[in-house]
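Structural characterization, general
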Amino acid sequence: MSKISVAVIGAGGKMGTRTSRNLAKNTEKYDLMLVENAPKGIESIHERGLEVTPIEEALEKAQVVIFAVPDTLIKKLSAIYVPQLKAGTGFLILDPAAAVAKELSLRDDCTFGVAHPCHPSYFLDQDTLEARMDRFGGDGGKQDIVMSKICGDDQVFALMQETARDMYAAEHAYVMTSEQIAFLEPTLVELLGATCLYAMAETVDEAERRGINRDAAVSFLTGHIYNLSANFLGYIPGKPPVSDACKVAIGLGNRLVLRDDWKEIWKDEVLDKVIATMLHPEDPQI
């Protein structure tokens, strides 16, 4: 079987390193080309014992291009590199924001998609301690990914799915629309999840300030979060209800902690404004 030719643009950066690591190990399946122009990025690639490929050569050969550049640069850089793609290329970005905001340059004769990791869930049983310690995923820890086809050919997108599963070492690839991925991130895990978790971390600081042992506070918080997550998401057999006191506290928390209209974050127009602001924080839309 012939190798799959893959180019990673921005291969020396944080995401470029993570997404190319597993592909670089699979030399029997992938002909990997690493593209980078930043001196520190080039140095990072060389430290991994790998070489940098000129962009022209990489785009000429690649069946799949992984665009591992910051979201805020996708508009500018895709306008430069997408016109250079050969017809039939699969072009994979790592976050849906630019696609939803219509800032990603497209072509009718190429296939465009998004692939984003779910990261290892604490509900997944990992095989080893090392895998358990892989918080990001793809380095031993089991995880899933989400993907979307923005436009293009189904067969090419199937090749992009295969590549994405290998580069993230993913168990499953859940395919949906780019807009649905955007509702997962930023809406689900950043606007709500990360905000609440950051508030929890600040509350641990406050507990410590009040004389509560920090290790005790962290153990108490994370143990309860694990238990309550399993309960609310249906992972405890029989789905037992929480205590009446907890229900009362949740109602109070909805008044004292969350805004009454917090579910507005699930409106399409709010998502559009959030993405526009995240991509261009100098011109906030919300």
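Residues numbered from 1 in each chain as written. Predicted model: local features only at pLDDT ≥ 70, side-chain atom pairs only at ≥ 80, totals over all residues. Heavy atoms only, no water.

Details of the pairing of strand 1 (residues 4-9)
Across the six residues of strand 1, six count as buried, placing the element largely inside the fold. Alternating positions in strand 1 separate into two faces, Ile-4, Val-6 and Val-8 on one and Ser-5, Ala-7 and Ile-9 on the other, with burial throughout. Here six bridges tie strand 1 to strand 2 (residues 30-35), and the two strands are oriented parallel to one another. Note that in strand 2 the partner of Val-6 across the bridge is Leu-32. Regarding topology, helix 1 (residues 14-25) serves as the crossover connection from strand 1 to the parallel strand 2, and that connection is right-handed. By the bridge criterion, four bridges tie strand 1 to strand 3 (residues 64-67) in an arrangement that is parallel. Its bridge partner being in strand 3, Ile-9 is matched across the sheet by Phe-67. (Buried < 20%, exposed > 50% of the residue type's maximum accessible area, 1.4 Å probe, protein only. Helix = DSSP H or I, 4+ residues; strand = E, 2+ residues; numbered from the N terminus. Pairing = 2+ DSSP bridges. Right-handed = clockwise from strand over helix to strand, strands pointing away.)

Quick look at a nonpolar patch on the surface
Taken together, the side chains of Leu-184, Leu-188, Val-189 and Trp-266 define a hydrophobic patch exposed on the protein surface, amounting to about 310 Å² of accessible area. By the secondary structure assignment, Leu-184 is in helix 8 (residues 178-209). The partly exposed category is assigned to Leu-184, whose relative accessible area is 30%. (Patch = residues over 30% accessible without salt bridge, like charges linked within 9 Å, V, L, I, M, F, W, Y side chains within 5 Å. Areas by Shrake-Rupley, 256 points an atom, 1.4 Å probe, with all protein chains shown as cover. Salt bridge = Lys/Arg side-chain N within 4 Å of Asp/Glu carboxyl O.)

Points about the sheet that holds strand 7 (residues 173-175)
Taken together, the seven strands give an open sheet; going across it, the order is 2-1-3-4-5-6-7, and neighbouring strands pair in mixed fashion. In this open sheet, the two strands that pair with only one neighbour each are strand 2 and strand 7. Here the average twist between neighbouring strands, direction ignored, is 25°. Those strands touched by helix 1 are strand 1, strand 2 and strand 3, and its axis lies near 155° from that of strand 2. (Axes fitted to C-alpha atoms, helices over the stretch in contact; angles between N-to-C directions. Contact = heavy atoms within 4.5 Å.)

Focus: the packing of aromatic side chains
According to the stated counting rule, one finds eight aromatic pairs in the structure shown. Look at Phe-91 and Phe-112: their rings are 5.6 Å apart centre to centre, the planes differ by 55°, and that puts the pair in the tilted class. On the criterion of sequence distance, the pair formed by Phe-91 in strand 4 (residues 90-93) and Phe-112 in strand 5 (residues 111-117) is long-range, its members being 21 residues apart. Residue classification places Phe-112 among the buried positions, given a relative accessible area of 0%. (Phe/Tyr/Trp six-rings, centres within 6.5 Å; stacked < 30°, edge-to-face > 60°.)

A few points about the nonpolar core
Core analysis: the biggest nonpolar cluster contains 26 residues, and Ile-9, Val-65, Phe-67, Leu-85, Phe-91 and Ile-93 have the highest contact counts within it. Setting aside residues no more than four positions away along its own chain, Leu-85 makes contact with Leu-59, Val-65, Phe-91, Arg-107, Cys-110 and Phe-112. (Core = buried A, V, L, I, M, F, W, Y, C linked by side-chain atoms within 4.5 Å.)

A look at the environment of Ile-42
By the element assignment, Ile-42 lies in helix 2 (residues 39-47). Owing to a relative accessible area of 24%, Ile-42 belongs among the partly exposed residues under this scheme. When the C-alpha positions of Ile-42 and Val-257 are compared, they lie 46 Å apart, and in sequence the two are 215 residues distant. If sequence neighbours within four positions are ignored, Ile-42 has contacts with Glu-36, Asn-37 and Val-52.

Observations concerning a negative patch on the surface
A cluster of acidic residues, Glu-179, Asp-268, Glu-269 and Asp-272, forms a negative patch on the protein surface. Within the secondary structure, Glu-269 sits in helix 11 (residues 268-279). (Lys, Arg positive; Asp, Glu negative; His and termini not counted. Charge placed at Lys NZ, Arg CZ, Asp CG, Glu CD.)

A look at unusual backbone geometry
Residues apart from glycine generally show negative phi values, whereas peptide bonds are mostly found in trans. At Lys-102, a position not held by glycine, the phi torsion is positive, near 60°. By secondary structure assignment, the location of Lys-102 is in the loop between helix 5 (97-100) and strand 5. In the Ramachandran plot, Ala-169 falls in the positive-phi region, its phi being about 50° despite a non-glycine side chain. Residue placement: Ala-169 occurs in the loop between helix 7 (154-168) and strand 7.

Some details on the state of the cysteines
Enumeration according to the criterion identifies zero disulfides in this entry. Free cysteine Cys-196: the closest other cysteine sulfur is in Cys-246, separated by 14 Å. Given a relative accessible area of 28%, Cys-196 falls into the partly exposed group. (Disulfide = S-S within 2.5 Å.)

With respect to the packing of helix 8 against helix 9 (residues 214-232)
To describe two helices that pack against each other, one gives the angle between their axes and the distance between the axes. Two numbers describe how helix 8 lies on helix 9: the axes approach to 9 Å, and their chain directions differ by 145°. Helix-helix and strand crossings are classified by hand; for helix 8 and helix 9 the assignment is right-handed. Mapping the contact onto sequence places Met-200, Val-204, Asp-205, Ala-207 and Glu-208 in helix 8 and Arg-214, Ala-217, Val-218, Leu-221 and Ile-225 in helix 9. Its residues assigned to classes, the contact of helix 8 with helix 9 shows seven nonpolar, no polar and three charged. (Left-handed = near helix turned anticlockwise from the far one by under 90°. Nonpolar A, V, L, I, M, F, W, Y, C, P; charged D, E, K, R; others polar.)

Notes on the side chain of His-116
Note that His-116 resides in strand 5. Overall, His-116 belongs to the buried group, its relative accessible area being 13%. For His-116, the side chain forms a polar contact with the side chain of Glu-185, separated by 3.4 Å. Those residues in contact with His-116 that sit more than four places away from it in its chain are Leu-94, Asp-95, Ile-145, Val-146, Tyr-168 and Glu-185. (Polar contact = N/O pair within 3.5 Å; in protein donor to acceptor, adjacent residues only side chain to side chain.)

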